[in-house]
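The chain contents come next:
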Amino acid sequence: MSVLRSTSRSSIDLNRRELGVLMLAAGAAAAWPPSVLAAEPAVRRWRGYVDVRFGQLHLHFAEPAGGVPDNAPPPVMCFHPTAVSGASFGRFLDEMGKDRRMIAVDTPGYGKSDRPPSPQPMEELAGAVSDAIAALGYGPGNPVDLWGYHTGSLMALEAARQNPDAVRRVILSAIPYCEGEARAEARERNVRPRETTKEELMEMWDAMVEGRPEGVSAEEGLAKLTDVLQAHPHQWWALEGVFSYPIETMAPQVRQPVRILNVHGSLKDQTAAAAPLFPDGSLVDIPELSHAVFDVGVERLAAETRAFFG
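Residues numbered from 1 in each chain as written. Predicted model: local features only at pLDDT ≥ 70, side-chain atom pairs only at ≥ 80, totals over all residues. Heavy atoms only, no water.

Focus: the overall build of the protein
Definition in use: Secondary structure counts use DSSP, requiring at least four H or I residues in a row for a helix and at least two E residues in a row for a strand, with both numbered from the N terminus. Burial classification: accessible surface area is computed with a 1.4 Å probe over protein chains only, and a residue below 20% of its type maximum counts as buried, one above 50% as exposed, and the rest as partly exposed. By definition in these notes, contact holds between two residues if any of their heavy atoms fall within 4.5 Å. Note on areas: Shrake-Rupley with a 1.4 Å probe; residue coverage comes only from the protein chains shown.
Scanning the protein for helices and strands turns up 14 helices and 8 strands. Put simply, the protein has 310 residues, and 50% of those count as buried. The contacts of the protein with a sequence gap of at least 6 include a subset with a gap of at least 24, amounting to 74%. Carbon and sulfur atoms make up 51% of the accessible area of the protein, which amounts to about 14,100 Å² in all.

In structure tokens:
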């Protein structure tokens, strides 16, 4: 708490909420779970970039510290919701990285990845993922598996459709599926610039930090809030891809086996409705998880992932 003691009240007037932010920034790291402060000793974590059509894509890697075994399943690429980043998969990478390579993507315009010049359709956003798959050397005979959540579910779906020989299997969860008038209404509601007001910032603080689920540290909440703020004022851009994407015609073109994990959050019904669209799809209901699932549900998600991906 030395940061607080070195700042006198005469030099800066702190209201209660600002004081709370400063206290968290100074002291919350001590409350981090060990798995969040650093990967477990069995897992090596690092980051890197690849060149794609919109500039550079930032990637978070994890794999066994002793190297990936020869008999390991294919690597898994993970795609996050709007408007956080691949860092939101941190706990999942620490667990799954014990026996295979894991890659969490900062999708175009989020985290540390370059932003496209304008809002893009999902085909182009996933096209950047296709560029990354090729740049990393994956393809026929050396495939990758995909894992997508919320916005990331459509990115994984489309990347699988574009790369039938480079993608082996796919897991999707919290699919934002809607058609016709429902899609048009959702697009009108979500695909628009938003003011970055003090009230909106406080709402995000309340939701991500003060309202974080049990078991999620204040520092983790602050990290997610930082991701979202970093994307402002372009936070909504990926939603152009989400609410213009004709999933009802694209999903039937995905030939890989697809496992849909239906967590019981706000997209539970849409996810269940999307499952029959996939020619080789199967649905697993997970009612005990609803939100912040990669923070509080890693054990269950890892078990389901290993069961399907090997």
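Here we look at the sheet that holds strand β4 (residues 102–106)
Let me state the cut-off plainly: At least two DSSP bridges between two strands are required for those strands to pair. Helix axes are fitted only over the stretch in contact, all axes being lines through C-alpha atoms; the angle between N-to-C directions runs from 0 to 180 degrees.
With respect to topology, 8 strands assemble into an open sheet ordered β1-β2-β4-β3-β5-β6-β7-β8, the strand pairing being mixed. Of all strands in the sheet, those bounded by a partner on one side alone are β1 (43–52) and β8 (281–286). Strand-to-strand twist in this sheet, taken as the mean axis angle between neighbours without regard to direction, amounts to 20°. Of the pairings in the sheet, the one linking strand β2 (residues 55–64) to β4 comprises 5 bridges and is antiparallel in character. Paired with His60 across the two strands is Ala104, which belongs to β4. Relative to the sheet, helix α5 (residues 122–135) contacts β1, β2, β3 (76–79), β5 (144–149) and β6 (167–173), its axis offset from that of β1 by approximately 115°. Seen against the sheet, helix α14 (residues 298–309) touches β3, β5, β6, β7 (258–263) and β8 and runs at an angle of roughly 150° to β6.

Examining α5
We apply this condition: Given the number of residues in a helix, its expected span is that number minus one, multiplied by 1.5 Å.
A rise of 1.5 Å per residue sets the reference length of α5, with its 14 residues, at 20 Å; its end C-alpha atoms lie 20 Å apart and thus fit the reference within 8%. Among the residues making up α5, those that are buried are Met122, Leu125, Ala126, Gly127, Ala128, Val129, Ser130, Ala132 and Ile133. Immediately beyond the C-terminal end of α5, within one or two residues, lies Gly137, with a positive phi of roughly 90°.

Overview of the pattern of salt bridges
Selection criterion: Only one rule defines a salt bridge in this text: a Lys or Arg side-chain nitrogen within 4 Å of an Asp or Glu carboxyl oxygen.
Applying the stated criterion to the full structure yields 18 salt bridges. Across the salt bridge formed by Arg187 and Glu240, the nearest N and O atoms sit 2.5 Å from each other. Of the two residues, Arg187 sits in helix α7 (residues 180–190) while Glu240 sits in helix α10 (residues 237–242), which places them 53 residues apart along the sequence. Owing to a relative accessible area of 16%, Glu240 belongs among the buried residues under this scheme.

Some remarks on unusual backbone geometry
Cis geometry marks the peptide bond from Thr82 to Ala83; its omega dihedral reads 5°. Going from His232 to Pro233, the amide bond is cis rather than trans, its omega being 0°. At Ala174, a residue that is not glycine, the phi angle is positive and equals roughly 55°. For Ala174, the position within the fold is in the loop between β6 and α7. Within the chain, Ala292 stands out as a residue other than glycine whose phi angle is a positive 50°. By the element assignment, Ala292 lies in the loop between β8 and α13 (293–296). Given a relative accessible area of 22%, Ala292 falls into the partly exposed group.

Any functional reading would require information that these geometric values do not contain.
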